[in-house]
Structures are given as C-alpha cells and as structure tokens.
Amino acid sequence: MKVKLLIATVDGTYAKLLSDNISEFHSDTIDVSVCNALEALGEVTLSRRYNAALIDSAFIAQIDAGKIHLPLLLWSENDAIPEASSGYERISKYQRVSSIVAAILERYAKISNNNHDPEPKQANITAVWSPAGGVGKTSIALAYALSNAPKDKMTPGKEVFYLNLEDFSSIPGYFSENGKSISSVFEMLENHDGDTEMLIKGIRCSDKGVTFLGSPDNYEDICILSNENIHELITCCARLADELIVDLSCSCDSRVKKVFEIAGKIMIVTDGTSAATTKLAQFMEQNNVYETIKEKITFVANKDAVINESKTELIISLPYLQSSNGISLCTALSECFTKEWQ
C-alpha cells in the first residue's frame, strides 16, 4: 500500500522540491500530490481522498480534515501557530526529506489498518546463529548480506534486509548511522495495533546497500516479543526485500526455534576454539532441534576453523581476517562469500 499524501502550501518552490524528491526516492511508499492555491484546494480534496496531508498555516483553516486521515501541520520555528491547527501533529518544514517521509509513515502506521501491497516481495529468509559467542556470527551475517547487495548504484542487485534480533544489538558497531530504534516496532507488535509493515518502512535505514532497523532503546525491549510477534515481524520484513538475513542471539529458546522454523536456510557459525567446538558438538549430538533443521543448515567455519566433514557436506570455510572497522571486515568477508557461492 502507498500512502496518498497531499502537500498543501503556498510556497511553490518548496512544494516542488519536496514532491520531486519524494517521487524520485520514495515512490514505493508515497503517492504525492501538490496544491499551491487556496482556490483550488476544494476541488483537489473533493476529487480524491488522502491518507495524509502536510498543510501550512495559510491552508489550515480551509482544509476539510474529514477527508484526510492524518492531517499534519507543516511549520517552521518562525511560523505563528494558527488556532485552526489545534490538535494537529506538527512536521518541521526544514529537515531532510527522508526524515519527513519517515515521520509521516511512522505516524500513519499507528492509525492505519494492515492494508498491504497486493503484490509484495517475499524474501529468501536466512537465519544466522551460533551456540557460542565470539565466533564472528554478526560479521558473517552482515558479510552475507553485503554479498547479496548491489555493489554500486550502477550495478543492479537484490534488495537486502538485515534484521538483528540479538539480546544485545551489534548495529552501532557496524553502521555509521544507528537509525530509529526498533523498539517502536516491538511495542506495536505487542499491542497488536497499527500497521507494522508501514512502520518498518518509515523507520528503516540503509547503508552499503543493506536495509536495517536501529538497535532497541533498551536491551530488554526484545524480551516482550512472543513467538507470534517474531513470526509477524519476520513476515513484514520479508515482504520488503529479496533477501532477509536474521541475526540471532546465541541462545536456543523458543523464539530462536520459531525463526529456525520460518527460515529457508540456516547458517551455523563456529570457529576453531575449544569452547565453540564443544558447544557445536553438544548442539548437534544432544539437542533434538538439530534433527529438525539439519536439511536447512550450512556450516560456516570462520577464522580458518575446521568442521568434521563426516557430519555435513554443506560447509563454507572463511579465512582469519582482522580489522578494527566492523563494516570493512564484513566487506572483505563478503567477497569470500561471493566466491564460495559461484
């Protein structure tokens, strides 16, 4: 579903710049219309209903808010606030267009029904997990994401979504921008209100061709999610990409098992340390989950680790690379993934 947005402002130059940017970079989520003349406003709102509208102070008294689901006051700090705008939420005029779009979608998601696109994407879902910490699981997950993403603007590639569901998020250590917190998504899922998919569209960020959601406000926020919430979250993200990579915590609780169930492929990461080797052996030999998912598993032997090949034929061996820059390390590892899959 696209949000039908009306920009109603007497500032024609601003309206053109804003609408042109939205049409060029956000046409997948917003269908934009512009009205610059008060005398034309009645005809514009009569001929079409709008999901949302950005309305400046000159138009606010004339707008028929009953025909707009989400009327928003477009304002700057120098503007007087008209009495007719009482109760309207405000959107700051002078900020990045991407921030304006995010604010509109975020607000509309909270009052919207789940009216999804009739022909959504359906991503290939890959879960990345390890029974041991410190083996490079997140670096592997992001490397795999980067290996599927477009290499540059001139080279087409898949739409890739990286979803971090670790107990303690690694997002700030790998991306230059943390973005808006995923906590608002968790809250919407728990309360079963609003359009989760639209909210995700509004707050998602992109770096190096990979889409992601910012880390939680509090590490305990993820604890509110039920298995059903996890299923809905992954389903929503999968509708927005070609490849969805889910980075999991090292536990093997019911939520992790739910992701295993949904995923089409599972990467289990290990390295050559005795702790990682012992924990992986215990998982394979003592945990009945392994038998239910083994057909989906690809083992990733990181840092020149060796895995007993009698247990599986699906093994990717990665070299021992070191870097203080997380995204640089992932980029280097992504090239290894590309070679492995060729």
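In what follows, the structure referred to is the one given above.
A. Quick peek at the sheet that holds strand S13 (residues 315-317). Spatially, the 8 strands line up as an open sheet ordered S8-S9-S7-S10-S6-S11-S12-S13, and their pairing is mixed. Either end of the sheet is taken by a strand with one partner, and the two such strands are strand S8 (205-207) and S13. Across the sheet, the mean angle from the axis of one strand to that of its neighbour is 25°, orientation sign disregarded. Pairing geometry for S8 and strand S9 (residues 210-212), over 3 bridges, is antiparallel. When the bridges of S9 are listed, Ser206 appears paired with Thr211. On top of the sheet, helix H9 (residues 254-262) reaches strand S6 (124-129), strand S10 (243-248) and strand S11 (265-270); it is set at about 140° to S6, its chief contact.

B. Here's a closer look at the packing of helix H6 (residues 183-191) against helix H8 (residues 227-238). Between H6 and H8, the least distance of the axes is 10 Å, while the angle of their chain directions is 125°. As summarised for this structure, H6 and H8 are arranged oblique, according to the angle between their axes. Note on packing geometry: the crossing formed by H6 with H8 is right-handed. Judged by residue contacts, Val185, Phe186, Leu189 and Glu190 of H6 engage Asn229, Glu232 and Leu233 from H8.

Procedures and definitions
Residues numbered from 1 in each chain as written. Predicted model: local features only at pLDDT ≥ 70, side-chain atom pairs only at ≥ 80, totals over all residues. Heavy atoms only, no water. Pairing = 2+ DSSP bridges. Helix = DSSP H or I, 4+ residues; strand = E, 2+ residues; numbered from the N terminus. Axes fitted to C-alpha atoms, helices over the stretch in contact; angles between N-to-C directions. Contact = heavy atoms within 4.5 Å. Parallel < 35°, antiparallel > 145°, perpendicular 65-115°, else oblique. Left-handed = near helix turned anticlockwise from the far one by under 90°.

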